Amino acid sequence: MTTLEGGCHCGAIRYTLTGEPMHHALCHCTDCRRASGAPMVGWAMFQEDALTVAQGEPQEYASSEHGRRYFCGKCGTGLFYRNAQNLPGIVDTQVATLDDPDINGYLLFLETMRKASELRAFALAAAARGKPVVAYKLGRSAQARELAVSHTGALAGEDDVA
């Protein structure tokens, strides 16, 4: 069984994940971009009981009606995301907070494709290291909206699914 460790930038929060991730995602929905201040956030999804916070106590922020983001109250590092309504029993972990963020494979979960060309370098680098890369073009379909809502808890506007 795989054990992964990680923590925040300042070291106040440390955590352990046991088992394999259910999937990996690069999300650039409006909610993730605004919460992180970055063009996208890398996530690894685990069963909630796989997560043990070994040191410190993450702060909680309600980023949508059902979405909860967890971060370090000292340095501000984003750590986890939960949505008990849409993703019961699941915790998303920000991959960059892992001590070894190069976990097996990458799933590019693209909620908007307008700037997908910017991900080309990432996808090529992952493929060159033998990591599987899968990209979904979702468009404006009902399925795209359902997937975006299940991840973020809400759509902030048409910008979320282009």
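That block above? That's the structure.
So, here's what we can say about the structure. (Residues numbered from 1 in each chain as written. Predicted model: local features only at pLDDT ≥ 70, side-chain atom pairs only at ≥ 80, totals over all residues. Heavy atoms only, no water.)

Okay, the sheet that holds strand β2 (residues 14-18) next. As a general point, the strands of a sheet are linked pairwise by backbone hydrogen bonds and lie either parallel or antiparallel. In spatial order, the strands read β1-β2-β5; together these three strands make up an open sheet with antiparallel pairing. Bordering the open sheet on either side are β1 (3-7) and β5 (51-55), each of which pairs with just one other strand. Each strand axis lies, on average, 25° off the axis of its neighbour in the sheet, ignoring direction. Alignment of β2 against β5, held across four bridges, turns out to be antiparallel. Bridge pairing in β5 places Y15 opposite V53. (Pairing = 2+ DSSP bridges. Helix = DSSP H or I, 4+ residues; strand = E, 2+ residues; numbered from the N terminus. Axes fitted to C-alpha atoms, helices over the stretch in contact; angles between N-to-C directions.)

With that out of the way, let us pick up the pattern of salt bridges. The tally for this structure, following the rule as stated, stands at four salt bridges. With its nearest N and O atoms 2.4 Å apart, the salt bridge here joins E48 to R82. Of this pair, E48 sits in the loop between β4 (41-47) and β5 while R82 sits in strand β8 (residues 78-83), and the two are 34 residues apart along the sequence. The partly exposed category is assigned to E48, whose relative accessible area is 32%. Note that R68 and E60 form a salt bridge whose closest N and O atoms lie 3.5 Å from each other. Classification of R68 by relative accessible area gives partly exposed; the value is 24%. (Salt bridge = Lys/Arg side-chain N within 4 Å of Asp/Glu carboxyl O. Buried < 20%, exposed > 50% of the residue type's maximum accessible area, 1.4 Å probe, protein only.)

Throughout the structure, instances matching the rule amount to two aromatic pairs. Between the aromatic rings of Y15 and F80, the centroid separation amounts to 5.0 Å while the plane-to-plane angle is 75°, which identifies the pairing as edge-to-face. With Y15 in strand β2 and F80 in strand β8, the pair connects residues that are 65 residues apart, well separated along the chain. The same class applies to Y15 as to F80, namely buried. Cation over ring: R82 sits above Y70, and NZ or CZ is 4.9 Å from the ring centre. (Phe/Tyr/Trp six-rings, centres within 6.5 Å; stacked < 30°, edge-to-face > 60°. Lys NZ or Arg CZ within 6 Å of the ring centre and 35° of its normal.)

This next bit is on the environment of T30. Checked against the element boundaries, T30 lands in helix α1 (residues 30-36). Distance in space between the C-alpha atoms of T30 and M40 is 9.1 Å, their sequence separation being ten residues.

What follows is about the layout of surface pockets. Empty space within the largest pocket amounts to approximately 210 Å³. Lining the largest pocket are 14 residues, with A35, F71, G76, G78 and Q94 sitting closest to its centre. Put simply, the parts of the chain that give the lining of the largest pocket at least two residues each are α1, β4, β7 (67-71) and β8. (1 Å grid on protein atoms, 1.4 Å probe; cavity = no way out; pocket = protein on both sides within 12 Å on 5 of 7 lines; lining within 4 Å. Points joined across faces, edges and corners; volume = space filled by probe spheres on them.)

Turning our attention to the pairing of β8. For a regular strand, the rule is simple: side chains alternate between the two faces of the sheet. For β8, the tally of buried residues reaches five of six residues, placing the bulk of the element in the interior. Bridge count for β7 against β8 is five bridges, and the pairing is antiparallel. Note on β8: the bridge partner recorded for F71 is G78. Where β7 hands over to β8, the hairpin turn is made up of six residues, of which G76 adopts a positive phi near 85°. Pairing of β8 with strand β9 (residues 90-94) involves two bridges; the strand directions are antiparallel. In the sheet register, F80 faces β9, and the bridge partner there is T93. Counted between consecutive antiparallel strands, the loop separating β8 from β9 contains six residues, among which G89 sits at a positive phi close to 75°.

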